[in-house]
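# Tertiary structure, described
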Amino acid sequence: MALAYSTERILEILSNDCETVGAYEGSILGIASLSEAEPGDLSFLGNPKYRAALADSKASVLLVPKDYDEAPKSGQLYLKLENPSFALALICRDIEATLLPKPPVGIHPSAVVEADAEVSPEACIGAFCYIASGAKVGAAVLESYVSVGRSAVIGDEAYLFSRVSVGDYCQIGERNRLMSGCVIGSDGYGYEYLDGAHQRVPQIGNVVTDADVDIGANSTIDRARFGSTQIGGGTKVDNQVQIAHNVRVGRHCLIVAQVGISGSTILGDGVVVGGQAGIAGHLKIGSGAMIAGGTAVVSDIEAQSKVRGYPAMPMMLFNRMAVLQRKLPDLFKRFDQLEKRVKSLPVESE
Amino acid sequence: MALAYSTERILEILSNDCETVGAYEGSILGIASLSEAEPGDLSFLGNPKYRAALADSKASVLLVPKDYDEAPKSGQLYLKLENPSFALALICRDIEATLLPKPPVGIHPSAVVEADAEVSPEACIGAFCYIASGAKVGAAVLESYVSVGRSAVIGDEAYLFSRVSVGDYCQIGERNRLMSGCVIGSDGYGYEYLDGAHQRVPQIGNVVTDADVDIGANSTIDRARFGSTQIGGGTKVDNQVQIAHNVRVGRHCLIVAQVGISGSTILGDGVVVGGQAGIAGHLKIGSGAMIAGGTAVVSDIEAQSKVRGYPAMPMMLFNRMAVLQRKLPDLFKRFDQLEKRVKSLPVESE
Amino acid sequence: MALAYSTERILEILSNDCETVGAYEGSILGIASLSEAEPGDLSFLGNPKYRAALADSKASVLLVPKDYDEAPKSGQLYLKLENPSFALALICRDIEATLLPKPPVGIHPSAVVEADAEVSPEACIGAFCYIASGAKVGAAVLESYVSVGRSAVIGDEAYLFSRVSVGDYCQIGERNRLMSGCVIGSDGYGYEYLDGAHQRVPQIGNVVTDADVDIGANSTIDRARFGSTQIGGGTKVDNQVQIAHNVRVGRHCLIVAQVGISGSTILGDGVVVGGQAGIAGHLKIGSGAMIAGGTAVVSDIEAQSKVRGYPAMPMMLFNRMAVLQRKLPDLFKRFDQLEKRVKSLPVESE
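As the structure is a computational prediction, the values presented were derived from the model and not from experiment.

What counts, and where the lines are drawn
Residue numbers run consecutively from 1 along every chain, following the written order of its sequence. Naming scheme: in the order in which they are written, chains are lettered from A and ligands are numbered from 1. The model is predicted, so local features are restricted to residues of pLDDT at least 70 and side-chain atom pairs to those at 80 or more, both for listing and for counting; the totals for chains, interfaces and linings are taken over all residues. Under the DSSP-based scheme used, a helix requires at least four consecutive residues in state H or I and a strand at least two consecutive residues in state E, with every element numbered from the N terminus. We take the radius of gyration over the C-alpha atoms and set the globule estimate at 2.2 Å times the residue count to the 0.38 power. Whether a residue is buried, exposed or partly exposed is read from the other C-beta atoms within 10 Å of its own C-beta, which are placed from the backbone; 20 or more gives buried, 12 or fewer gives exposed, and intermediate counts give partly exposed. Residue pairs are scored as contacts if the distance between their C-beta atoms, which are placed from the backbone, is within 7 Å. Any two strands with at least two DSSP bridges between them are considered paired. In this comparison the copies share one frame, found by least squares on the C-alpha atoms of residues holding pLDDT of at least 70 in both. Domain segmentation is taken from an automatic or database assignment of domains. Residue classes follow a fixed rule: Ala, Val, Leu, Ile, Met, Phe, Trp, Tyr, Cys and Pro count as nonpolar, while Asp, Glu, Lys and Arg count as charged, and any other residue, Gly among them, counts as polar. Helix axes are fitted to C-alpha atoms over the stretch in contact, other axes to C-alpha atoms as well, and angles between N-to-C directions run from 0 to 180 degrees.

### Remarks on the overall build of chain A
- Tallying secondary structure elements over chain A gives 5 helices and 38 strands in all.
- Compactness check: chain A gives a C-alpha radius of gyration of 27 Å against a globular reference of 20 Å for 350 residues, more than 25% above the reference.
- Here chain A holds 350 residues, and 54% of them are scored as buried.
- In chain A, the proportion of contacts linking residues at least 24 apart, taken out of those at least 6 apart, comes to 20%.

### A look at the sheet that holds strand β2 (residues 30–31) of chain C
Residue and element names in this part refer to chain C.
- One open sheet holds the 5 strands; their spatial order is β1-β5-β4-β3-β2, and the pairing between them is mixed. Two strands in the sheet have a free side with no partner beyond their single neighbour: β1 (19–22) and β2.
- As defined by bridge partners, strand β3 (residues 41–44) adjoins strand β4 (residues 61–65) across 3 bridges and the pair is classed as parallel. Note that in β4 the partner of Phe 44 across the bridge is Leu 63.

### Considering the relation of the copies chain A and chain B
- After a rotation of 120 degrees and a shift along the axis of 0.0 Å, chain A superposes on chain B with an RMSD of 0.0 Å. Viewed as a symmetry operation, the transformation between the two copies matches a three-fold axis.

### Here we look at the domain arrangement of chain A
- Examined at the domain level, chain A breaks down into domain 1 (7–99) and domain 2 (106–316).
- Between the C-alpha centres of domain 1 of chain A and domain 2 of chain A the distance comes to 37 Å.

### Some points on the interface of chain C and chain B
- In this complex, chain C contributes 51 residues to the contact, which on the side of chain B involves 53 residues.
- Elements represented by at least two residues in the side of chain C that touches chain B include exactly α3 (84–99), α4 (315–326) and α5 (328–343) of chain C.
- It is α3(C) that provides the largest number of residues to the side of chain C that touches chain B, a total of 8 residues.
- For the side of chain C that touches chain B, a count of residues per class yields 25 nonpolar, 18 polar and 8 charged.

### Here's the deal with the interface of chain A and chain B
- Residue-level contacts link 53 residues of chain A with 51 residues of chain B.
- For the side of chain A that touches chain B, the secondary-structure elements that each account for two or more residues are β19 (183–186), β20 (191–194), β21 (197–200), α4 (315–326) and α5 (328–343) of chain A.

### Re the sheet that holds strand β1 (residues 19–22) of chain B
Residue and element names in this part refer to chain B.
- Strand order in this open sheet of 5 strands is β1-β5-β4-β3-β2, and the pairing throughout is mixed. Strands at the two margins of the open sheet, each flanked by one partner only, are β1 and β2 (30–31).
- Pairing geometry for strand β4 (residues 61–65) and strand β5 (residues 77–81), over 5 bridges, is parallel. Paired with Val 64 across the bridge in β5 is Lys 80.
- In this fold helix α3 (residues 84–99) packs onto β3 (41–44), β4 and β5, with an angle of close to 140 degrees to the strand it touches most, β4.

The structure is reproduced here in structure tokens:
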């Protein structure tokens, strides 16, 4: 992924909010962290804890915060910015558009589109895509092997990577990004035990995602038993996340990799769920709650609270407990000694 | 997923076991829970704990237990039944058959079927399916992008959703439902460390599922090192479950999402494994055992026992421990005080 | 998977290092463990703990260690070897080559190869594969539904099973085995919170795997934010593993199923990570470290150390703690008694 990028182009992108100190004449050949950057690279100070590494960085162009007052080395250019991380994101977005251009509009000859499906003339339908009957696809990109089920809807500007499945009747919002291998609208896991066997409970609902939702690679979202499994606008779901039937996730949530959310649980807005956490069914997770990675949530969580543990408890209590647990061997020893000592004491009036 | 369903049709489905109280004249437009139902909706009392919500429900048609004696509101119809949940399942099955009809019999022109594969004339082979040489496909449905490996067998009435892979020599039982993205027959994870590297141990066995097995979306079941990885009849596996080589799962088990079962472990019949639980290799899990979500099983589990924890312990002990753990900070404090007090006591005969 | 294998063929494979005791005249019909083998089967003593089961095994041909001195039963053949497990692997490799022969060289007529992609004339490109523009595919096997992104590279002798996605610009090393459904090069999970929403941080790096890497079914490896997510030579990754952006995994590591590794974490060489373990971001895991299954790693781990727990602690401490935890109910009881007793004691000088 060789890069040859001019300083002028970067200044163009950041023009509104950028002060330059020093100078670099050549092309930008790559992007790297402060400590790994080589001459020719662009780097940045995103996290204050790396501030010390900035002066030693060999990068030729550096995005630094406005209040950074050291002078650049000879041949080095500092760009002083309000938010260097976001500035980098803007630059990367521009590079991305060059490296990974949007595929051409139109339907690949290998794709199959059923007669009564509606596909926007501005859609990009890649190799081996399958659009079932009654489906509506907006001005979206479907890379390859994307299947859109019967009467499913794909919003404008959605981007569906390779091998995404959108099940029958499911609705994908505008500007969603669905990563490779994710499955939207698999059957919910519902059975009734009867006559010595688990009888399947039909799952006749769908999945509805609002605008600006991202779903990670190989994640799975089950269709509702009836009604809809819902993902709120702006929510970002990482890879290998499992969201069960009738779950409702609020707006602007972050759900990190390998999380599992059981059936009918409701998440408020702005909830953050750390990697590999699990949430039992039929619970309410209040807005702004933070659930640490690996936590097992088995009861409702209040808004704005922070929990961790197996099972979940207030983060502060968990952290205290984690320290004390390591002292258990010592406590048991001390207890045995104390008990022995007390037993050796004279007892009053027996 | 608009619905327009008549009360007559519902009575038809439930005719054998249903008493009506009250009346509703219109069409049924949707299905919803008691508290969310609007006029026109069908609802039901499945879980006794929602009994209080029944009287307030706006639903027009309600499935209620036989012993529910309150009268419906005007314009409301109660259907009194032995098992309202199961009655709902029957109704949903009927709706499902309408919303999601079985695709037409035949082989889609885009599918590739190798010359010496055998496909039942009653099979539905969807777009972009691939049937390898020597494979036998019964009167099953293969939606799209389903690959059936060399000499693999798919039983009658099996339903393979989009993007299912059945590996070489694997055998899928009758009436199995394999959800999108699941992989049956990936290589087992087996290596021998030799000459400074992990040498792959060939995995020449297969996977065999009995009748009525469901496998969830993006779940993976590895082929055996030799012999077969086996899933017993009626067992239901949720999404993103990993079942390693040479595992044998008994009949009528429930394995919830994101569970991992390591190599050569044997599960009896009717075992329930909660979400995200992990089971180490070469273990025996007795019939009827219940393993709570998130549990890490590292030794054999007796039949009918209930375990939870990391590592697994009897459920009762875990629950007791979970309470006591939260009291650890307090215990440490009390202990320090007690120790101080004892040290201040006069000591007998030293 | 019926087998009919001659003893002669086995001796041929093992000729360099094998002593025979006893004799078996028939064909070998299967391979099974010592206790499950039937007459006609081949079996082996791989794990010393099964030594007692050897004398009772009904297997006709047995691979035993050189120091096993018991005599075979009549009609039974012992092959005495330095490493019976590895000998079995050699035999299985030979059987595998028969059961699962390499598909024929060439490009399946249903595959789509863009005009400026380079495909080796020795490559096997299966049904419905898609090779994007600028991609280079060596003498590799791509089974079916394999997509190779723009400017991606697939090394010689790599084997990509059904439904593997290799993203734009990613590089797959020689002799890699990528199992079905794995996704190499999905977007890293990176957002900046700005103006009330999570803004996507473009991910313009790639994934690079060295030689002899295996990636399990439905595993996901995210492309770097910039630079490369790296998997070192000889490392073996199991099913449903998630490796986030900018992670670097060393050489000859074993990463068992359902592990999650967060962004920018660095693993040394020979690290072993047990199933379902999670590793937080920006950490360093020293070479040779062993992380037990289910462990949650939240800080750096020293080389050669063994850790377990939630959060991770030294294995020995965890094991001690796991024992003591079960004694907590008893400790609390004993403590209450002791406290009562001490309070009943006369207090010195108050």
